[in-house]
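# Report on the structure
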Amino acid sequence: MKVSVNEEIHELEKGSSLLDLLLLLGLDGKKGLALSLNDSVVPRADFPHSELVEGDRVLLIHATQGG
């Protein structure tokens, strides 16, 4: 199935979760990540239980330090 991540299309297996998406992107261990699924923020604890479906839109934000 195809989902959009920051407006870039990614191919995932049917039944994949937000955690599976992070694993695919190599970001599963990163701190400071926030995810929005179809314009709704998803708590980190819900990543493994948030199943994606064809056409979902994910916004991934990675906090950085700076000044």
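Before reading on, note that the structure itself is shown above.
On a predicted model such as this, the values are computed, not experimentally measured, just so you know.

### Let's talk about the side chain of S50
- With respect to the helices and strands, S50 occurs in the loop between β4 (40-42) and β5 (57-62).
- Assessed through its relative accessible area of 14%, S50 is described here as buried.
- Here S50 is in contact with S16, S17, L18 and V42, once residues within four sequence places are set aside.

### Observations concerning the pairing of strand β3 (residues 33-37)
- Taking burial as the measure, the five residues of β3 include four buried ones, the bulk of the element.
- The pairing of β3 with β5 spans five bridges and is antiparallel. Along β5, the bridge assignment pairs S36 with L59.
- As paired strands, β3 and β4 are joined by three bridges and run antiparallel to one another. Within β4, the position partnered with L37 by the bridge is S40.
- Where β3 folds back on β4, the antiparallel hairpin that results is connected by two residues, among which N38 adopts a positive phi of roughly 55°.

### With respect to the nonpolar core
- Ranked by internal contacts, the top residues of the largest apolar core, which has 16 residues, are L18, L21, L22, L35, L52, V58 and L60.
- The set of elements that each furnish at least two residues to this core consists of β1 (2-5), α1 (18-25), β3 and β5.
- Once residues within four sequence positions are removed from consideration, V58 is found in contact with S4, V5, N6, L18, L21, L35, S36, L37 and L52.

### Points about the environment of G55
- Summarising the element assignment, G55 is placed in the loop between β4 and β5.
- Remark: the alpha-carbon pair of G55 and K30, spanning 25 residues in sequence, is separated by 25 Å.

### Focus: the pattern of salt bridges
- Counting across every chain of the model gives one salt bridge.
- One salt bridge in this structure joins D39 and R57, with 2.7 Å as the shortest N-O distance. Taken as a pair, D39 in the loop between β3 and β4 and R57 in strand β5 lie far apart in primary sequence, 18 residues in all.
- Of the residues examined, D39 reaches a relative accessible area of 66% and is grouped as exposed.

The rules behind each value
- Residues numbered from 1 in each chain as written.
- Predicted model: local features only at pLDDT ≥ 70, side-chain atom pairs only at ≥ 80, totals over all residues.
- Heavy atoms only, no water.
- Helix = DSSP H or I, 4+ residues; strand = E, 2+ residues; numbered from the N terminus.
- Buried < 20%, exposed > 50% of the residue type's maximum accessible area, 1.4 Å probe, protein only.
- Contact = heavy atoms within 4.5 Å.
- Pairing = 2+ DSSP bridges.
- Core = buried A, V, L, I, M, F, W, Y, C linked by side-chain atoms within 4.5 Å.
- Salt bridge = Lys/Arg side-chain N within 4 Å of Asp/Glu carboxyl O.

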